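Read off the chains here:
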Amino acid sequence: MSRWLLWLPLALFAIVAVFAARELRHPNDRTVYSAMNGEPVPNFALPPIVSGKPGLAIADLKTGQPRLLNVFASWCMPCIVEAPQLMKLKAQGIPIDAIAVRDTGPELAAFLARNGDPYARIGDDRDSRVQLALGSAGVPETFVIDGRGVVVKQHVGVISDDDVAALAKAWRDAR
Amino acid sequence: MIAETGLIALWLAATLALMQLALAALAVHRGDDTLAAAVRPVAIVQGALALLAMAALIRVFLTSDMSVALVVANSHSAKPWLYKFAGAWGNHEGSMLLWVTILGLAGAAVAALERRLAERTLTATLGAQAAIALGFYAFLLFASNPFARLFDPPADGQGLNPLLQDPGLAFHPPTLYAGYVGLSVAFSFAVGAMITRDVGPVFARAMRPWVLGAWIFLTLGITAGSYWAYYELGWGGWWFWDPVENASLMPWLAATALLHCVSVLATRDGLRAWTVMLAVVAFSMSMLGTFLVRSGILTSVHAFAVDPSRGTFILILLALYIGGALALFATRIGSVRAGTTFDPVSREGALVANNLLLSVILGVVLIGTFYPIVAASFGTQLSVGPPFFEKAAGPIALVLFAIMAAGPLLRWRRDDARALLKRMALPIAATALAAVSLIALAGPMTILALLGLALAAGLAVASVAPLFGRNLLRTPLFVYGMVVAHLGIAVSLAGMTASNAFTRETLVAATIGEPARVGPWRVVLRGIRPVIGDNWTALEGRLEVQRGEAPALLLKPQSRFFANPPTTTNESAILTAPDGQLYTVLGQSDARGRWQLRLWWKPWVTLIWFGGALIAFGGLLSIAGHALRDRRQKRRAIEAERAAAYREAWGA
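Residues numbered from 1 in each chain as written. Chains lettered and ligands numbered in written order. Predicted model: local features only at pLDDT ≥ 70, side-chain atom pairs only at ≥ 80, totals over all residues. Heavy atoms only, no water.

Draft legend 1. How the structure looks around the overall build of chain A. On a plain count of helices and strands, chain A comes out with six helices and seven strands. Start at the N end of chain A and walk to the C end: the helices and strands fall as α-α-β-β-β-α-β-α-β-α-β-β-α. Overall size of chain A, expressed as C-alpha extent along the three principal axes, is 65 × 35 × 30 Å. Here chain A holds 175 residues, and the buried ones make up 54% of them. The contacts of chain A with a sequence gap of at least 6 include a subset with a gap of at least 24, amounting to 73%. Entry remark: accessible area of chain A is about 8,000 Å², with carbon and sulfur atoms responsible for 57%. Positive and negative charge centroids in chain A, built from 19 and 18 side chains respectively, lie 1 Å apart. (Helix = DSSP H or I, 4+ residues; strand = E, 2+ residues; numbered from the N terminus. Buried < 20%, exposed > 50% of the residue type's maximum accessible area, 1.4 Å probe, protein only. Contact = heavy atoms within 4.5 Å. Areas by Shrake-Rupley, 256 points an atom, 1.4 Å probe, with all protein chains shown as cover. Lys, Arg positive; Asp, Glu negative; His and termini not counted. Charge placed at Lys NZ, Arg CZ, Asp CG, Glu CD.)

What follows is the structure, given as structure tokens:
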């Protein structure tokens, strides 16, 4: 075994520790990512995934009325945390559509039964293709889209209680 | 005064830990035997004091002493006594005190019982153990004092998280912690042996019972935790790849690898560096688990106190211990002589392969668990879920099972591949037979499910194969241990794959008297009625369930309401049949008076936990087997000595 290889475990551990420390020091670092801001949503059409609920296509986002688009999955723990906030947004009369990433119908149905169902439409993005086209790297993520299908705000990560007002405002401003 | 007694005991224990560390360091540095002799009693008293502190905390919880802040935040006088008792560790401060108590007791046990290890290595080991304890005492005393008083005590407390009000969960943390702490002892042994450059078979034999013990507790803890999540969370799943679950799985994977390595080192004097490395990694994983759970750095369905300052404290401890041990490894392991060598096709070879595969799975789980943290540093918040873990770890696990089947049928040091194939004929035939009959009889399923079930059959046969052609009465107990543990893996694998592949789920809005179907079961909602418990009220559904022509049975799932704190939980009702479980959950009612029912039929799901219990039982047989053999060898040595003395005295 060569000498430097023996230090490899320590180096790997140090890297993990540095990242963990950074994350601890900025626990609430909620940067808003604007990669998609002002950009039109790319063309897509996704089939439905749960019975009784339509799928989602680009035309559904260009109805003249602004909407929220939530990228989520039933296997995503933060999405459970986020669910009550989405229900609050829905209660304010804001229409919400969703893209379900790498999910299955039964699991998604169980998730909605458990955590509430704020969605008007859910598209089945089985291999994350639309998610990636949207410039979204992970779940959950939420976009505010104006009536012409242009992204006006991208919210990365869980919608916390504090974020509800900001998202509702962005939706109202887009009208 | 009880709370103050506990606090004083904690301070004294911390002082003794400092003394233990200083004494051990001096003794090892100077090679002073008188100093070394003082380390053992200090370690024993330190353990006793930690136990006293824990006892004091349990006492304030049992008496619902509302002048203690921790009791107010986590207990309520109306709670059943079992949950007052368990409430002592059902919170952050209490669970950390439990951690350090088990740590102190383990150190005391090493000091009192260990006779095999060279005195100098033992002293270094106890020093390392004291260093670990010291960090956790500091954490308790400076960042999470469990005995803090309230100057204006309220009339009553806020209660325990209702999800934690379950007998299973009352004993889940102590089991898991015993496992984590057992690994801390293995870690201290490794550090001690690295300091005195004493890595060899004697060290491995001394370490083995601790690794085995820790591994048994971890196995039990994970199995029980999985069953708890299954029936208490009401989701009908048995594993969620949640960060908190992964936190217990990662040390188990490392401990499993370590366990097999330690055996090679103990019996064949091979794999020295690997064993030391795995001992360090295994404990690192339990510390990392503690960090994940206690810092709130990741989002988990298991709700725990979130506190970045405590997280920072644990991270610093982590850096000191793991960083220190890895640095020691890098500087010292070069001077540890390589052990004996072996052919690739040999029992050792299979064990190395098993170790590598376990390490890869560990890496997959580690990356999946920590990736969100690294991603967060780059400003992305995301979650890694079952699709990643199952796709990445599943295929590797199947290869691991195949090697696991072959390993025990291989000879030490060198074997012939063709002879192995002959010995593997029966397991391979069983795999093929299972695959063919599954395709013919069970209907369509995924490739992974088919492979899993067929491999489970082959693995089961291969597990008992080492007993073929042996005198069963003269077979050592630890061989039975291995057989039972491997069989347990096969049983669990069968349960996991079967329940995943064949589960049927029905979600209905039921009116009274209307039948629903799930799998072979017919379910009728007969009525809903209110029920009152110790500190909750509930709506209870009365479900008549029937399978074929068999008499109908009654299941009573509940939706429970707790007042302190106000929470609703779903108490699933589960019917266990010989070939699976019917799992029922009562949901909300709608405006038209229909009740939401979630029904699952999960064929063979119970095999998962039965297998887990078998695995742990195998570990127990193994410990007993090694202990018996050690005792027999010692007795034989004494007899031989006596005979020699006799011959000498009588000139025979």
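The discussion continues.
Draft legend 2. Structural view of the confidence of the model for chain B. Averaged over chain B, the pLDDT score is 85; the fraction of residues at 70 or greater is 93%. For this predicted complex, the interface score ipTM comes out at 0.70, alongside a pTM of 0.82. (pLDDT = per-residue confidence, 0-100.)

Draft legend 3. Structural view of the sheet that holds strand β7 (residues 151–156) of chain A. Residue and element names in this part refer to chain A. The five strands are arranged β5-β4-β3-β6-β7 in an open sheet whose pairing can be described as mixed. Strand pairing shows two members of the sheet lacking a second neighbour, β5 (121–125) and β7, which therefore form its edges. Neighbouring strand axes in the sheet, compared pairwise and without regard to direction, differ in orientation by 20° on average. Where strand β3 (residues 67–72) and strand β4 (residues 96–101) come together, five bridges link them in parallel fashion. Bridge pairing in β4 places Asn-70 opposite Ala-98. Running at roughly 165° to β3, helix α3 (residues 77–91) makes contact with β3, β4 and β6 (141–145) of the sheet. Those strands touched by helix α6 (residues 161–173) are β3, β6 and β7, and its axis lies near 165° from that of β7. (Pairing = 2+ DSSP bridges. Axes fitted to C-alpha atoms, helices over the stretch in contact; angles between N-to-C directions.)

Draft legend 4. Looking closely at helix α2 (residues 8–25) of chain A. When the terminal C-alpha atoms of α2 of chain A are compared, their 26 Å separation across 18 residues agrees well with the 26 Å that a helix rising 1.5 Å per residue should span. Along α2 of chain A, the positions that sit buried rather than exposed are Leu-10, Phe-13, Ala-17, Phe-19, Ala-20, Glu-23 and Leu-24 of chain A. (Expected span 1.5 Å × (residues − 1).)

Draft legend 5. Structural context of the pattern of salt bridges. All names here are of chain B. In total, this model carries 17 salt bridges over all chains according to the counting rule given. Taking the shortest distance from any N to any O, the salt bridge between Arg-40 and Glu-119 comes out at 3.6 Å. Placement of the pair is Arg-40 in helix α2 (residues 33–62) and Glu-119 in helix α6 (residues 119–143), with a sequence separation of 79 residues. Owing to a relative accessible area of 16%, Arg-40 belongs among the buried residues under this scheme. What emerges from the salt-bridge pattern is a single network uniting Glu-4, Asp-65 and Arg-149. (Salt bridge = Lys/Arg side-chain N within 4 Å of Asp/Glu carboxyl O.)

Draft legend 6. Spatial organisation of the sheet that holds strand β9 (residues 580–589) of chain B. Residues and elements named next belong to chain B. Taking strand neighbours across the sheet as the criterion, the four strands line up as β1-β10-β9-β8 in an open arrangement whose pairing is antiparallel. Strands at the two margins of the open sheet, each flanked by one partner only, are β1 (504–510) and β8 (573–577). Sheet twist, expressed as the mean angle between neighbouring strand axes with direction ignored, is 15°. Strand direction decides the pairing type here: β1 and strand β10 (residues 595–603), joined by seven bridges, are antiparallel. Bridge assignment links Ala-509 to a residue of β10, and that residue is Gln-596. Set on the sheet, helix α9 (residues 201–232) makes contact with β8, β9 and β10; between it and β9 the angle comes to about 45°.

Draft legend 7. Geometry of a positive patch on the surface. Residue and element names in this part refer to chain B. Together, Arg-629, Arg-631, Arg-632, Arg-635 and Arg-636 make up a positively charged patch on the protein surface. Tracing the chain through its elements places Arg-635 in helix α19 (residues 606–650). You can call Arg-635 partly exposed: its relative accessible area is 46%. (Patch = residues over 30% accessible without salt bridge, like charges linked within 9 Å, V, L, I, M, F, W, Y side chains within 5 Å.)

Draft legend 8. Structural view of the environment of Met-1 of chain B. Residues and elements named next belong to chain B. Note that Met-1 resides in the segment before α1 (2–30). You can call Met-1 exposed: its relative accessible area is 72%. Taking the C-alpha atoms as reference points, Met-1 and Ile-195, 194 residues apart in sequence, are found 43 Å from one another.

Draft legend 9. Focus on a nonpolar patch on the surface. Residues and elements named next belong to chain A. The grouping of Trp-4, Leu-5, Leu-8, Leu-12 and Ile-15 at the surface amounts to a nonpolar patch, some 500 Å² of accessible area in total. Contributing elements (two or more residues each) for the nonpolar patch: α1 (3–6) and α2. Ranked by residues supplied to the nonpolar patch, first place goes to α2 with three residues. Tracing the backbone shows Leu-8 in helix α2.

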